[in-house]
2 protein chains.
Amino acid sequence: MRTLTPQPLTPEAFAPFGEVIFADPAKAMDINYGNTVRFNDLARVAVDGGHAIVSLFRSIPLEPLELKIMERHPLGSQAFMPLNGRPYLVVVAPPGDLDPDKVQAFLAGPNQGVNYAPGVWHHFLLALGEVSDFLVIDREGPEDNCDEVELTEALAIAFRE
Amino acid sequence: MRTLTPQPLTPEAFAPFGEVIFADPAKAMDINYGNTVRFNDLARVAVDGGHAIVSLFRSIPLEPLELKIMERHPLGSQAFMPLNGRPYLVVVAPPGDLDPDKVQAFLAGPNQGVNYAPGVWHHFLLALGEVSDFLVIDREGPEDNCDEVELTEALAIAFRE
């Protein structure tokens with residue numbers, strides 16, 4: 001079993017896979033007569049031929065934390081925002097044929113969401129420590145929009161000391 | 001000044017204005033090999049001629065809590081989900097010409113979001129007690145998509161004892 005060490009989630013490191021959703025000062029604008037700061041357009045929702053829906057995912061920590069399957073949604077983006085103020089794990093690989101050597105892990109903070117670009121390989125939602133809720137924005141439509149690939153070698157996660 | 005007393009936010013009471021976003025057991029489905037409960041399709045995102053974006057709103061409580069302006073977005077829905085586990089205030093009126101006598105207030109719980117249907121009149125985001133963050137899913141596009149109307153008589157809010 002191969003072992004991945006999660007790196008901190010930053011917009012730069014995550015750019016090949018999508019967007020990090022957070023209160024980015026560079027995107028702040030005052031609205032509502034000064035009563036609201038809008039951090040605008042943090043993630044674009046892609047819904048090729050379908051429409052966007054809002055759902056809530058209640059994620060149970062995976063035990064043991066061994067990753068065996070990756071998935072992708074070719075027709076739409078998929079955004080996750082934590083609602084419980086807890087960190088979680090993000091595991092992704094570039095679009096195209098899945099290359100197991102290019103799987104990367106990120107440790108997302110409690111105030112960070114992610115938006116997977118269409119076609120980006122990712123492991124399903126990985127809450128850490130306790131059951132956690134996430135708001136999810138993704139695509140609904142008649143076409144099949146989920147490919148799954150089983151990893152020939154499972155991946156373990158080793159957190160930094 | 002007229003006074004509104006907020007009612008509890010329920011899907012039934014809010015139906016004329018849009019959807020309440022919460023972990024509705026009637027919409028629960030097991031996915032991800034039993035590691036996730038997906039509360040599916042809690043809100044539909046409407047983006048007439050535009051596209052959906054995800055933003056973050058940081059809302060400063062309105063002081064004094066006197067409501068003077070209502071707004072609507074004719075071309076798109078607008079969804080809000082609290083990220084700080086705090087209650088907030090939702091003030092709405094039916095679509096069409098704004099009827100001040102039909103303005104209603106709801107007290108939203110910390111685990112409840114709202115999705116305003118296109119054209120529904122609403123006050124801008126009303127955090128209570130302290131600055132609060134919300135995830136927002138709404139429409140972006142070239143057309144003007146915000147009408148504002150000033151209320152001839154301001155509205156005060158009286159919370160139930």
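On a predicted model such as this, the values are computed, not experimentally measured, just so you know.

*Asks:* I keep staring at the overall build of chain A and nothing clicks. Help me out?
*Replies:* Tallying secondary structure elements over chain A gives one helix and 15 strands in all. The C-alpha atoms of chain A give 16 Å as radius of gyration, which agrees with the globular expectation for 161 residues (15 Å, within 12%). With respect to the principal axes defined by its C-alpha atoms, chain A has extents near 55 × 45 × 30 Å. Taking all 161 residues of chain A together, 52% fall into the buried category. Considering only contacts in chain A between residues 6 or more positions apart, those separated by 24 or more positions represent 81%. In the structure as shown, chain A presents an accessible area of about 7100 Å², 51% of it carried by carbon and sulfur atoms. For chain A, the distance from the average position of its 11 positive side-chain charges to the average position of its 23 negative side-chain charges is 3 Å.

*Asks:* Whenever I open this one, unusual backbone geometry confuses me. Can you help?
*Replies:* When glycine is set aside, most residues are seen to have a negative phi, and most peptide bonds are trans. Residue and element names in this part refer to chain A. The omega torsion across glutamate 63 and proline 64 is -5°, close enough to zero to call that bond cis. Along the chain, proline 64 falls in the loop between strand E6 (51-59) and strand E7 (66-72). The phi angle at aspartate 41 is positive, at roughly 60°, despite the residue not being glycine. Here aspartate 41 lies in strand E5 (residues 36-44). Assessed through its relative accessible area of 15%, aspartate 41 is described here as buried.

*Asks:* I keep staring at the sheet that holds strand E5 (residues 36-44) of chain B and nothing clicks. Help me out?
*Replies:* Reading across from one edge, E3(A)-E11(A)-E8(A)-E14(A)-E6(A)-E5(B)-E4(B) is the order of the seven strands in this open sheet, with antiparallel pairing throughout. The sheet is open, and its two borders are formed by strand E3 (18-21) of chain A together with strand E4 (28-31) of chain B, each paired with just one other strand. Strand-to-strand, the axes of this sheet are offset by a mean angle of 25°, without reference to chain direction. Note that E6(A) and E5(B) share six bridges and pair antiparallel. Residue pairing for E5(B): A:Phe57 is matched across the bridge by B:Arg38.

*Asks:* What exactly am I supposed to notice about the relation of the copies chain A and chain B here?
*Replies:* The operation relating the pair of chain copies consists of a rotation about an axis and a translation along that axis. Once turned by 180° and shifted 0.0 Å along the axis, chain A lies on chain B with an RMSD of 0.0 Å. Put plainly, the chains are arranged around a two-fold axis. If distances are taken from each C-alpha of chain A to the rotation axis, the shortest is found for A:Leu83, at 2.7 Å. When the interface residues of chain A are mapped onto chain B, 100% of them are again interface residues, pointing to one common binding face.

*Asks:* It is not clear to me how the pattern of salt bridges should be interpreted in this structure. Could you clarify?
*Replies:* Pairs can form between side chains of opposite charge whenever their charged atoms are close. Counted according to the given criterion, the structure contains 14 salt bridges over all chains. Residues A:Arg72 and A:Asp147 are paired through a salt bridge, measuring 2.9 Å at the closest nitrogen-oxygen approach. Note that A:Arg72 is positioned in strand E7 and A:Asp147 in strand E15 (residues 147-157), a separation of 75 residues in sequence. Here A:Arg72 falls in the partly exposed class, since its relative accessible area comes to 22%. Salt bridges sharing partners connect three or more residues here, namely A:Asp41, A:Arg44 and B:Glu140.

*Asks:* What am I meant to see in the sheet that holds strand E14 (residues 132-140) of chain B here?
*Replies:* Neighbouring strands of a sheet are bound in pairs by backbone hydrogen bonds; such pairs are parallel or else antiparallel. Ordered in space as E4(A)-E5(A)-E6(B)-E14(B)-E8(B)-E11(B)-E3(B), the seven strands form an open sheet in which the pairing is antiparallel. The open sheet has two edge strands, strand E4 (28-31) of chain A together with strand E3 (18-21) of chain B, and neither has a second partner. The average undirected angle you get between the axes of adjacent strands in this sheet is 25°. Across four bridges, the pairing between E4(A) and E5(A) is antiparallel. Counted as the bridge partner of A:Ile31 is A:Thr36 from E5(A).

*Asks:* Where do I start with the interface of chain A and chain B in this structure?
*Replies:* Across the boundary between the two partners, chain A contributes 43 residues, which contact 43 residues of chain B. Summed over both partners, the interface of chain A with chain B buries about 3700 Å², with 59% contributed by carbon and sulfur atoms. Taken together, the connections running from chain A to chain B amount to four salt bridges. Among the salt bridges present, the one from B:Arg44 reaches A:Glu140, with a minimum N-O distance of 3.3 Å. Within the residue set of the side of chain A that touches chain B, elements represented by two or more residues are E5, E6, E7, strand E8 (78-82) and strand E14 (132-140) of chain A.

About the criteria used
- Residues numbered from 1 in each chain as written.
- Chains lettered and ligands numbered in written order.
- Predicted model: local features only at pLDDT ≥ 70, side-chain atom pairs only at ≥ 80, totals over all residues.
- Heavy atoms only, no water.
- Helix = DSSP H or I, 4+ residues; strand = E, 2+ residues; numbered from the N terminus.
- Rg over C-alpha atoms; globule rule 2.2 N^0.38 Å.
- Buried < 20%, exposed > 50% of the residue type's maximum accessible area, 1.4 Å probe, protein only.
- Contact = heavy atoms within 4.5 Å.
- Areas by Shrake-Rupley, 256 points an atom, 1.4 Å probe, with all protein chains shown as cover.
- Lys, Arg positive; Asp, Glu negative; His and termini not counted.
- Charge placed at Lys NZ, Arg CZ, Asp CG, Glu CD.
- Pairing = 2+ DSSP bridges.
- Axes fitted to C-alpha atoms, helices over the stretch in contact; angles between N-to-C directions.
- Least-squares fit on C-alpha atoms with pLDDT ≥ 70 in both.
- Salt bridge = Lys/Arg side-chain N within 4 Å of Asp/Glu carboxyl O.
- Buried area = accessible area lost by both parts, 1.4 Å probe.

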